[in-house]
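A closer look at the structure
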Amino acid sequence: MSTDLPRREESKATDTVSLSRRAPFWHRLNRRRLAKCCLLAGVVYVVSLLVLLALEDRLLFSGAVFAHWREPADSLRVREITVNSEADQIHAWFSAPENWKPQLGAVLISHGNGNNLSSMGDCVARWRDRLGRAVLVYDYPGYGKSTGRPSEAGCYAAGVAALAWLIEDQRVSASEIILVGESLGGAIATELSTRHAVRLLVLHSAFTSFPDVAQVRMPWYPSRYLVHNQMKNLEKIRRVHCPVLITHGTADRTVPFSHGERLFTDANQPKEFIRMEGGGHYPPADAAFFDAVRQFLMKTAR
């Protein structure tokens with residue numbers, strides 16, 4: 001008896017199934033499935049994009065929602081003040097060394113987006129004690145005890161009000177004020193530097209613009225073309241004519257190291273760049289950094 005018969009029958013069955021799958025009905029069904037999958041993916045993409053755009057301010061100004069409040073240490077000898085910006089009351093801490101006089105100068109710190117000023121106590125103490133200058137750190141609208149809601153314009157207005165308090169109330173000359181900006185705060189410090197001839201602009205982990213960093217953080221969307229916050233630091237730093245000191249960590253995963261390099265390239269002289277090898281998204285805090293600041297101040301003394 002031949003054993004080829006079952007094989008022939010099996011082959012016929014296979015051919016029948018194969019032919020049926022090549023029929024127009026299967027083609028139409030596969031196209032429908034593909035179209036449904038594409039439509040679903042498109043809907044998910046658009047909806048997720050719209051959600052992110054609606055949450056842009058909450059994501060950018062996250063410290064207004066998530067940052068906890070801490071009371072200042074006694075060693076800071078903080079004086080709590082409130083200054084009026086264009087629409088909001090801005091809360092700030094002022095800390096000065098013993099026997100401080102306005103002629104000794106001051107430091108104005110603009111903090112990052114995930115903090116409020118109460119987390120800046122150690123930073124305030126370092127700048128005060130190592131440079132012998134008074135330090136003012138302030139909150140943006142909606143942060144900490146400041147009123148209002150955060151926005152790009154509101155942050156600039158808060159910085160303007162804080163700087164005006166140092167100049168008008170404390171009688172500190174703008175030419176003896178150091179502006180320090182960390183990450184988001186770099187945008188405010190840079191903006192202020194375009195308006196006043198300050199002593200020094202210090203930027204830590206600053207970005208070239210918010211659209212640039214948004215594209216880095218959300219590369220699967222056309223982020224740079226859709227965000228409404230701008231913070232064009234690269235454009236503005238070309239108009240800054242005070243000395244500029246920039247630091248950036250090579251391992252910064254929030255703002256790429258290349259942003260710091262580009263800001264430094266476009267900054268006017270005199271300028272210095274401190275490369276933090278292996279450093280992340282945080283400012284330097286060691287004695288060597290403040291030694292470098294003092295040396296740069298001496299080198300650029302008028």
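Notes on the structure follow. (Residues numbered from 1 in each chain as written. Predicted model: local features only at pLDDT ≥ 70, side-chain atom pairs only at ≥ 80, totals over all residues. Heavy atoms only, no water.)

Moving on, we come to empty space enclosed by the protein. Applying the stated criterion across every chain yields a total of one cavity of 30 Å³ or more. One number sums up the size of the largest cavity: a volume of about 40 Å³. Lining the largest cavity, in full, are Cys123, Arg126, Trp127, Glu182, His204, Pro283, Pro284, Phe289 and Phe290. Broken down by element, the residue count for the lining of the largest cavity peaks at three residues, all from helix 5 (residues 121-131). (1 Å grid on protein atoms, 1.4 Å probe; cavity = no way out; pocket = protein on both sides within 12 Å on 5 of 7 lines; lining within 4 Å. Points joined across faces, edges and corners; volume = space filled by probe spheres on them. Helix = DSSP H or I, 4+ residues; strand = E, 2+ residues; numbered from the N terminus.)

It is worth spelling out the sheet that holds strand 6 (residues 200-204) at this point. One open sheet accounts for eight strands, arranged 1-2-4-3-5-6-7-8; its pairing is mixed. Of all the strands in the sheet, the pair left with one neighbour each is strand 1 (79-84) and strand 8 (271-276). Ignoring strand direction, the axes of neighbouring strands in this sheet form an average angle of 20°. Relative to strand 2 (residues 89-95), strand 1 runs antiparallel, the two sharing six bridges. In the strand pairing of strand 2, valine 83 is matched with isoleucine 90. (Pairing = 2+ DSSP bridges. Axes fitted to C-alpha atoms, helices over the stretch in contact; angles between N-to-C directions.)

Attention shifts here to the environment of lysine 232. Within the element layout of this structure, lysine 232 appears in the loop between helix 8 (210-217) and helix 9 (233-237). Look at lysine 232 and you get partly exposed, because its relative accessible area is 37%. For lysine 232 and phenylalanine 210, which are 22 residues apart along the polypeptide, the C-alpha to C-alpha distance reads 6.8 Å. The contact partners of lysine 232, leaving out residues within four places of it in the chain, are Thr208 and Ser209. (Buried < 20%, exposed > 50% of the residue type's maximum accessible area, 1.4 Å probe, protein only. Contact = heavy atoms within 4.5 Å.)

Bringing the packing of helix 5 against helix 11 (residues 287-299) into the picture now. It is the contact of helix 5 with helix 11, at a shortest axis distance of 11 Å, that shows an interaxial angle of 50°. Between helix 5 and helix 11, the crossing angle belongs to the class labelled oblique. Here helix 5 and helix 11 pass one another in a crossing that is right-handed. Of the residues in helix 11, those in contact with Arg126, Trp127, Arg130 and Leu131 of helix 5 are Ala287, Phe289, Phe290, Val293 and Arg294. A per-class count over the contact of helix 5 with helix 11 returns six nonpolar, no polar and three charged. (Parallel < 35°, antiparallel > 145°, perpendicular 65-115°, else oblique. Left-handed = near helix turned anticlockwise from the far one by under 90°. Nonpolar A, V, L, I, M, F, W, Y, C, P; charged D, E, K, R; others polar.)

What follows concerns helix 11. For helix 11, with 13 residues, the first-to-last C-alpha span of 18 Å sits near the 18 Å given by 1.5 Å per residue. Residues of helix 11 that are buried include every one of Phe289, Phe290, Ala292, Val293, Phe296 and Leu297, and no others. The buried residues of helix 11 all sit within an arc of 150° when viewed along its axis, so they share a single face. In helix 11, the exposed residues that point more than 90 degrees away from the buried face are Gln295, Met298 and Lys299. (Expected span 1.5 Å × (residues − 1). Arc of directions from axis to C-beta.)

The space that makes up the largest pocket amounts to roughly 640 Å³. Every element with two or more residues in the lining of the largest pocket is listed here: helix 2 (24-54), helix 3 (56-60) and helix 8. Counting residues per element, the lining of the largest pocket draws most heavily on helix 8, at four residues. Considering only residue class, the lining of the largest pocket consists of 17 nonpolar, ten polar and three charged. Of the pockets and cavities examined, the second largest pocket occupies roughly 230 Å³. Together, Ala54, Leu55, Asp57, Arg58, Phe61, Ala64, Val65, Gly142, Gly148, Arg149 and Pro150 line the second largest pocket. Of the residues in the lining of the second largest pocket, the class split is six nonpolar, two polar and three charged.

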